Amino acid sequence: MSFMTPDSNARHVSYISSFVLSMAKPSTATFALSGVLLVVSQAAKLVFPLSTKYLMDTVIGQHRTEQLRWLVLLAVAVGTIQTVCAMWAGNIMSENAERITEKLRVQVFHHMMRQPMRYFDSTLGGSLVSRIMVDCEGIRTFLGTAMFNFLVAAVTALLASGFLLYKCWPLTLVLMLAQVAVGLVSYFSFSRSRKILRVGSKLRADISGRVSEAIAGISVIKCYTAELRETAAFNSSTNKFVANVAKNQLWASIMGLASTFSMVASSAIVMYVGGKYLIVHAWTTGDYVQYAATLALLVGPAYQMVTIAGQFSRATADLDRVIDSLQLGPENTDSVRHVKLSKTQGKIVVTNLSFSYMPGRPVLKDVSFVALAGTVTAIVGPSGSGKSTLMSLL
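Residues numbered from 1 in each chain as written. Predicted model: local features only at pLDDT ≥ 70, side-chain atom pairs only at ≥ 80, totals over all residues. Heavy atoms only, no water.

Q: Just checking my understanding: could you explain the environment of Y119 for this structure?
A: Position of Y119 relative to the elements: it lies in helix α6 (residues 117–121). Not counting residues up to four positions away in its chain, the partners in contact with Y119 are M112, L128, R131, S325 and L328. (Helix = DSSP H or I, 4+ residues; strand = E, 2+ residues; numbered from the N terminus. Contact = heavy atoms within 4.5 Å.)

Now the structure itself:
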C-alpha cells in the first residue's frame, strides 16, 4: 500500500487517516459496535442536565417532593446505562487498538529485516528500535483510549448542541461561533505542531539510538577514553530535543488559551442573556439551570477535544516515520543488487578481493579464502580490520 506524497514532509493528514483506516478495516464490526455503545452512553448522559428543569420548576418550585424519589431513581438507572455502555465501548476499542499496534510492529519489523545491509550500516540500531517500539504506538492513539475520549467528547458536544439549538437557537448560534473560532485556532496550531513534532520524533529516536550504541560499545569508548566526547554529544542531542519540546509547547499553549477563553466567554454570555430572560420571565429558573448545565456538555468536551488534539499531533508525527519505513523497498527489488542465481553448490570462493571506501585508503586488500558447504568459517581480526565490511560485501 502507498501513502506517500511527492514531499514526505508535506504529507497531508488524509494520508495518515488512510493508513489508520487500512489498519482498522479488519476490525470494522467491533469498532462499529463500540460506536453504537458510545452513542447510547452519551445520549444517557444528557438526562442529568435535562432533568434539572423538572427538578427546579416542579419538584422544588411546586413543592412536589414525592417526585424527588422517582427522579433520583431515573438518574441512577440512566447513570448505570451510561457507565456500562461507556466501559464496554472503551474496552472494545482499547483491546482492538492493542492488537493492531502489535500487528503494525510485526509488519514494520518484518519490513526492516528485508532491507539491505547498507540501511542498517547508515542507521543507528537504537533508532530502529525506537521506530518499532515507540513510533508504532501512534496507531494506538488513533484507535485506542485517546480516540475513544475524543469520540466521547464529540458525540456529547453534538447531542448537547442539538438540544441547545432547540432551547434557544439565537443564543446557541453565538456560542457555537465561539467554538468554531477555537476550532480554527486549533487547526492552525495543529498544522504547525505536527511539523515540529515530526522533527522531535526523529530527535528522540536519535537519542535512543545513541544511548543504545554507546552502551553496546562501551568497551570501545573506554578503550579510546571517549567518555567525555560521548557525553558532550549526548548533551547536545538532548538540548535540541528540549528546544523542540519548548517550541511545540508554545502552540499547545495557544490551543489551550483559545479554549479557556471560549469557556469564559460562553459562561459570561449565558449569564448575561439568561439573566435578561429571567427578568422578563421568558425563562424560568429551571430553564436557566437546564441551559447552563447542558452548555457544560458542549463547552467542556470542546476543551477536552483540544487537549486530545495534542496527542494526535504527536501520534501523526510518529506514524509519519513508520510510513516512511514501510515505503522503503526490500533488498530483492533493487535491480542493481538483484542477481538470479542458477543451481548452487553452497561453496563460497573469494579471490584477491580488495575494497576501499575512499580512494587510496583500502579497507580490504587481496583477501582470498574458501568457505566449503556444510562447514563453519570464522573471520577473526582486531576492530577496524574490515570484518564487517567483508560480510557486507558478501
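Now that the structure has been shown, the text picks up again.
Q: I would appreciate a short explanation of the confidence of the model for the chain in the present structure.
A: It should be kept in mind that the predicted coordinates are not to be read in detail where pLDDT is low. With 93% of its residues at a pLDDT of at least 70, the chain reaches an overall mean of 81. Model confidence for the chain, summarised as mean pLDDT per element, is weakest for α6 at 74 and strongest for helix α5 (residues 66–113) at 88. Scored below 50 in pLDDT, residues 1–11 makes 29 contacts in the model with residues more than four places away or belonging to other chains. (pLDDT = per-residue confidence, 0-100.)

Q: Which parts of the structure should I look at to understand the packing of helix α2 (residues 28–45) against helix α9 (residues 145–216)?
A: The geometry of a pair of packed helices is captured by two quantities: the angle between their axes and the separation between those axes. Orientation of α2 relative to α9, taken along the N-to-C sense of each, is 50°, at an axis distance of 9 Å. One finds that α2 runs oblique with respect to α9. Handedness of the α2/α9 crossing: right-handed. Contacts from L38, V39, Q42, A43 and K45 in α2 reach F148, L151, V152, V155, T156 and L159 in α9. Taken together, the residues of the contact of α2 with α9 sort by class into eight nonpolar, two polar and one charged. (Axes fitted to C-alpha atoms, helices over the stretch in contact; angles between N-to-C directions. Parallel < 35°, antiparallel > 145°, perpendicular 65-115°, else oblique. Left-handed = near helix turned anticlockwise from the far one by under 90°. Nonpolar A, V, L, I, M, F, W, Y, C, P; charged D, E, K, R; others polar.)

Q: When you look at the side chain of T172 in this model, what are you seeing that I'm missing?
A: If you trace the backbone, T172 turns up in helix α9. Within the structure, T172 has its side chain in polar contact with the backbone oxygen of L164 (distance 2.7 Å). In this view, T172 contacts S161, L164, L165 and Y291; residues no more than four positions away in its chain are not counted. (Polar contact = N/O pair within 3.5 Å; in protein donor to acceptor, adjacent residues only side chain to side chain.)

Q: Even after reading the chapter, I still don't get the layout of surface pockets, so can you show me in this structure?
A: The gaps left among the atoms become clear once a water-sized probe is rolled over them. In this structure, the largest pocket encloses a volume near 700 Å³. Lining the largest pocket are 27 residues, with F150, M305, V306, A309 and F312 positioned closest to its centre. Those elements that place two or more of their residues in the lining of the largest pocket are α1 (13–24), α9 and α12 (285–326). Each residue belonging to the lining of the largest pocket can be placed in one class, and the counts come to 21 nonpolar, six polar and no charged. There is about 370 Å³ of room inside the second largest pocket. Taken together, 22 residues line the second largest pocket, and the ones lying closest to its centre are L197, N248, A252, G310 and R314. Elements with a contribution of two residues or more to the lining of the second largest pocket: α9, α11 (227–279) and α12. In terms of residue count, the dominant contributor to the lining of the second largest pocket is α12 (nine residues). Per-class residue counts for the lining of the second largest pocket are eight nonpolar, 11 polar and three charged. (1 Å grid on protein atoms, 1.4 Å probe; cavity = no way out; pocket = protein on both sides within 12 Å on 5 of 7 lines; lining within 4 Å. Points joined across faces, edges and corners; volume = space filled by probe spheres on them.)

Q: Which parts of the structure should I look at to understand a nonpolar patch on the surface?
A: Taken together, the side chains of I348, I379, M391 and L394 define a hydrophobic patch exposed on the protein surface, amounting to about 360 Å² of accessible area. Its place among the elements puts I379 in the loop between β2 (361–371) and α13 (387–393). (Patch = residues over 30% accessible without salt bridge, like charges linked within 9 Å, V, L, I, M, F, W, Y side chains within 5 Å. Areas by Shrake-Rupley, 256 points an atom, 1.4 Å probe, with all protein chains shown as cover. Salt bridge = Lys/Arg side-chain N within 4 Å of Asp/Glu carboxyl O.)

Q: It is not clear to me how the pattern of salt bridges should be interpreted in this structure. Could you clarify?
A: Oppositely charged side chains can form a pair if their charged atoms are brought close together. Going through the model one piece at a time under the given rule, you end up with 14 salt bridges. Put simply, K167 and D287 hold a salt bridge, and the shortest N to O gap is 2.6 Å. Taken as a pair, K167 in helix α9 and D287 in helix α12 lie far apart in primary sequence, 120 residues in all. When its relative accessible area of 22% is taken as the criterion, K167 is described as partly exposed. Via salt bridges that share partners, E98, E102, R105, E137 and R140 belong to a single interconnected network. (Buried < 20%, exposed > 50% of the residue type's maximum accessible area, 1.4 Å probe, protein only.)

Q: Which parts of the structure should I look at to understand unusual backbone geometry?
A: Leaving glycine out, the prevailing phi sign among residues is negative, and the prevailing peptide bond configuration is trans. Phi at H281 is positive, roughly 65°, even though this residue is not glycine. Residue placement: H281 occurs in the loop between α11 and α12. Judged by its relative accessible area of 70%, H281 is exposed. Although it is not a glycine, N352 adopts a positive phi angle of roughly 50°. With respect to the helices and strands, N352 occurs in strand β1 (residues 348–358).

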